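Okay, here's what each chain looks like letter by letter:
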There are 2 protein chains.
Amino acid sequence: MIEGVLLDLSGVLYVGDGPLAGAHEAIRRLIDAGVPMRFVTNTTRSPRAAILNKLARMRFSVSDETLFTAPQAAAAYVEKSGLHPYLLIHPDLRGEFRAHPPEVWDAVLIGDAGAEFTYGNLNAAFRLVFDGMPLLAMGYNKYFKEADGHSLDIGPFVAALEFAAGTRAKVLGKPAAEFFEAAAASLGCKPEHAVMIGDDAEADVDGAIDAGLQGLLVRTGKYRKGDEDRIDPGAITVADIVAAVEWILTNRA
Amino acid sequence: MIEGVLLDLSGVLYVGDGPLAGAHEAIRRLIDAGVPMRFVTNTTRSPRAAILNKLARMRFSVSDETLFTAPQAAAAYVEKSGLHPYLLIHPDLRGEFRAHPPEVWDAVLIGDAGAEFTYGNLNAAFRLVFDGMPLLAMGYNKYFKEADGHSLDIGPFVAALEFAAGTRAKVLGKPAAEFFEAAAASLGCKPEHAVMIGDDAEADVDGAIDAGLQGLLVRTGKYRKGDEDRIDPGAITVADIVAAVEWILTNRA
């Protein structure tokens, strides 16, 4: 019994700058059926406004209050905890976080820094974590899909720091249960009546199921043959967003 | 009953460019006692000649045939296996490996590339391994000790690629059993009669013990309080190379 839907963006609605076939119509069907939706993304290379602009450019009408991003969750956590992290994040994201001078650093916050993942920056982060500071990660995704192939996402760099320093990161975006719970709560339904649609086997599908939601894997975006064999057996796997919406309308309350 | 000794270099004999206190005299005692020695290093930022020169500059007389390096083991493996790897290695090491054009790449070989660990280079390596090519690693060390602190070694970058691509690397330097076995064999003694002295809990001590040698951890170099609690309980832990040699001379055949 489905009462609300969480949707990943890249790989579900579009790849690169191109909307996936049938995505617009699928979203329209959910709207027409009155199914509440939230959009949840771990993208940490673009500021919030750029994500909303990109969606608008591709004619997806996603409003500010229905978009849940990992940087937003990270900023809220940093604020609540009163931490002053060293930031290893993408230059485009710097406007969403307050920079602190080295003498007050008491944590490390890592996003998908892209080309900022230099040896020097990673080593600086390592030394702080090795000295005992907590490591906060906006995500743990292994890779994402670009127009020319799969590319390293934040997860491998977090794993590298965890391995070197002998510690575990606190993940603030997907697959953190808190992140899914917050998005599901805003749908006004219990977690078990919400379904997460995503192309990332671990971050989207296993993460949602671990948080008590239902999980739906699409075979688009970063999906690779065999992904469905290494996720929770309770997950549903379908071809794409069109089939996902069909499944939801069949299984709704 | 000890018949031969393997010694790590950095952190055991010296740190940075400075010999550790008593190191020269300790090595002299082993020579005078007729204990055969081999020097085994995972350093993959310097060519073989530079390592020998550095040792000579610090007045350690290490001959070419007693030095076993991870790049040497890697070059031998690549030669034997007939592979044509993409090289993610330190610029100073390029002279020790043949470069191949992209169209014949059939493996990825990774050393401690230092500043060459850029996002672009790591992503290039990831894509090849993700497509199914084997990942060969010259080591798996977590960090090394520099004059100004601990710094990321090769291991975290190997772990990052392993995690992203869902694979495991074949390690060719320490802690690979083949590497220890080859060095021990050249001492002319059985593995169980050889002892490895090192400052790296995993690569040196646990690795040696897993290969059937004895393992001796020194509290110099990269050693950190508590390292002795997370290694094989059969390992011996002593203050430094001076105490290590004392232990060896007491326990020799």
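Residues numbered from 1 in each chain as written. Chains lettered and ligands numbered in written order. Predicted model: local features only at pLDDT ≥ 70, side-chain atom pairs only at ≥ 80, totals over all residues. Heavy atoms only, no water.

## Regarding the pattern of salt bridges
Residue and element names in this part refer to chain A.
Inference 1: Taken as a whole and judged by the stated rule, the model has 32 salt bridges over all chains.
Inference 2: With a closest N to O distance of 3.7 Å, Lys54 and Asp17 form a salt bridge. Within this pair, whereas Lys54 is found in helix H2 (residues 48-57), its partner Asp17 is found in the loop between strand E2 (14-15) and strand E3 (18-19), the two being separated by 37 residues in sequence.
Inference 3: On the basis of relative accessibility, which here comes to 21%, the residue Lys54 falls in the partly exposed class.
Inference 4: What makes Asp17 exposed here is its relative accessible area of 60%. (Salt bridge = Lys/Arg side-chain N within 4 Å of Asp/Glu carboxyl O. Helix = DSSP H or I, 4+ residues; strand = E, 2+ residues; numbered from the N terminus. Buried < 20%, exposed > 50% of the residue type's maximum accessible area, 1.4 Å probe, protein only.)

## Considerations on the interface of chain B and chain A
Inference 1: Between chain B and chain A, the contact holds 29 residues from the first and 29 residues from the second.
Inference 2: For the pair chain B and chain A, the summed buried area comes to about 2600 Å², and 65% of that belongs to carbon and sulfur atoms.
Inference 3: If you sort the residues of chain B by the area they bury against chain A, Tyr119, Phe130 and Phe163 of chain B come out on top, with a joint share of 29%.
Inference 4: There are four salt bridges connecting chain B and chain A.
Inference 5: Ionic pairing is found between Glu146 of chain A and Arg127 of chain B, a salt bridge with its closest N-O pair at 3.7 Å. (Contact = heavy atoms within 4.5 Å. Buried area = accessible area lost by both parts, 1.4 Å probe.)

## Points about the relation of the copies chain B and chain A
Inference 1: Mapping chain B onto chain A calls for a screw motion: a turn of 180 degrees about the axis and a shift of 0.0 Å along it, with 0.0 Å RMSD after fitting. Both copies of the chain, as the preceding transformation shows, are related through a two-fold rotation axis.
Inference 2: A share of 100% of the interface residues of chain B reappears at the interface of chain A, consistent with the copies meeting face to face through the same patch. (Least-squares fit on C-alpha atoms with pLDDT ≥ 70 in both.)

## Comments concerning the domain arrangement of chain A
Residue and element names in this part refer to chain A.
Inference 1: When the domains of chain A are assigned, the result is domain 1 (4-42 + 174-251) and domain 2 (71-171).
Inference 2: On a C-alpha basis, the centroid separation for the pair domain 1 and domain 2 is 25 Å.
Inference 3: Taken residue by residue, the interface counts 14 residues in domain 1 and twelve residues in domain 2.
Inference 4: For the pair domain 1 and domain 2, the summed buried area comes to about 1000 Å², and 48% of that belongs to carbon and sulfur atoms.
Inference 5: Considering only the side of domain 1, the residues that lose the most area to domain 2 are Val15, Asn42 and Lys222, jointly responsible for 38% of the buried surface there.
Inference 6: The tally of links between domain 1 and domain 2 comes to two salt bridges.
Inference 7: For the pair domain 1 and domain 2, the interface holds five residue pairs in polar contact (both at pLDDT 80 or more).
Inference 8: Taken together, the elements giving at least two residues each to the side of domain 1 that touches domain 2 come down to helix H6 (177-186) and helix H7 (201-210).
Inference 9: Grouping the amino acids of the side of domain 1 that touches domain 2 by side-chain chemistry returns five nonpolar, two polar and seven charged. (Domains from an automatic or database assignment. Polar contact = N/O pair within 3.5 Å; in protein donor to acceptor, adjacent residues only side chain to side chain. Nonpolar A, V, L, I, M, F, W, Y, C, P; charged D, E, K, R; others polar.)

## Describing helix H3 (residues 70-81) of chain A
Residue and element names in this part refer to chain A.
Inference 1: Given a rise of 1.5 Å per residue, twelve residues ought to cover 16 Å, and the 16 Å separating the end C-alpha atoms of H3 matches this to within 8%.
Inference 2: Those residues of H3 not exposed but buried are Ala70, Pro71, Ala74 and Val78. Buried residues along H3 cover an arc of 95 degrees about the axis, so they all sit on one side. With respect to the buried face of H3, the exposed residues turned more than 90 degrees away are Glu79 and Lys80.
Inference 3: Summarising the contacts, the buried residues of H3 are in contact with strand E4 (37-41), strand E5 (67-69), strand E6 (85-88), strand E7 (107-110), strand E8 (135-137) and H6.
Inference 4: Just downstream of H3 lies Gly82, where phi reads positive at about 70 degrees. (Expected span 1.5 Å × (residues − 1). Arc of directions from axis to C-beta.)

## Concerning the confidence of the model for chain A
Inference 1: With 100% of its residues at a pLDDT of at least 70, chain A reaches an overall mean of 96.
Inference 2: The complex prediction reports pTM at 0.95, with the ipTM value standing at 0.94. (pLDDT = per-residue confidence, 0-100.)

## Quick word on the environment of Gly34 of chain A
Inference 1: Structurally, the position occupied by Gly34 of chain A is in the loop between helix H1 (23-32) and E4.
Inference 2: Sequence spacing of Gly34 of chain A and Leu217 of chain A is 183 residues, and the spatial spacing of their C-alpha atoms is 22 Å.

## Quick notes on the packing of aromatic side chains
Inference 1: Scanning all chains against the criterion turns up 14 aromatic pairs over all chains.
Inference 2: Here the aromatic rings of Phe130 of chain A and Tyr143 of chain B are separated by 4.7 Å at their centres, their planes lie at 55 degrees, and the arrangement is tilted. Of the two residues, Phe130 of chain A sits in helix H4 (residues 119-130) while Tyr143 of chain B sits in strand E9 (residues 143-146), which places them in two different chains.
Inference 3: Judged by relative accessible area, which is 9%, Phe130 of chain A ranks as buried.
Inference 4: A relative accessible area of 6% means that Tyr143 of chain B is categorised as buried.
Inference 5: Seen from their ring centres, Tyr140 of chain A and Phe163 of chain B are 5.2 Å apart, and the 70 degrees between their planes marks the pair as edge-to-face. Linking Tyr140 of chain A in the loop between E8 and strand E9 (143-146) with Phe163 of chain B in helix H5 (residues 155-165), this pair reaches from one chain into another.
Inference 6: Members of the aromatic cluster, joined through ring pairs, are Phe117 and Phe157 of chain A together with Tyr119 of chain B. (Phe/Tyr/Trp six-rings, centres within 6.5 Å; stacked < 30°, edge-to-face > 60°.)

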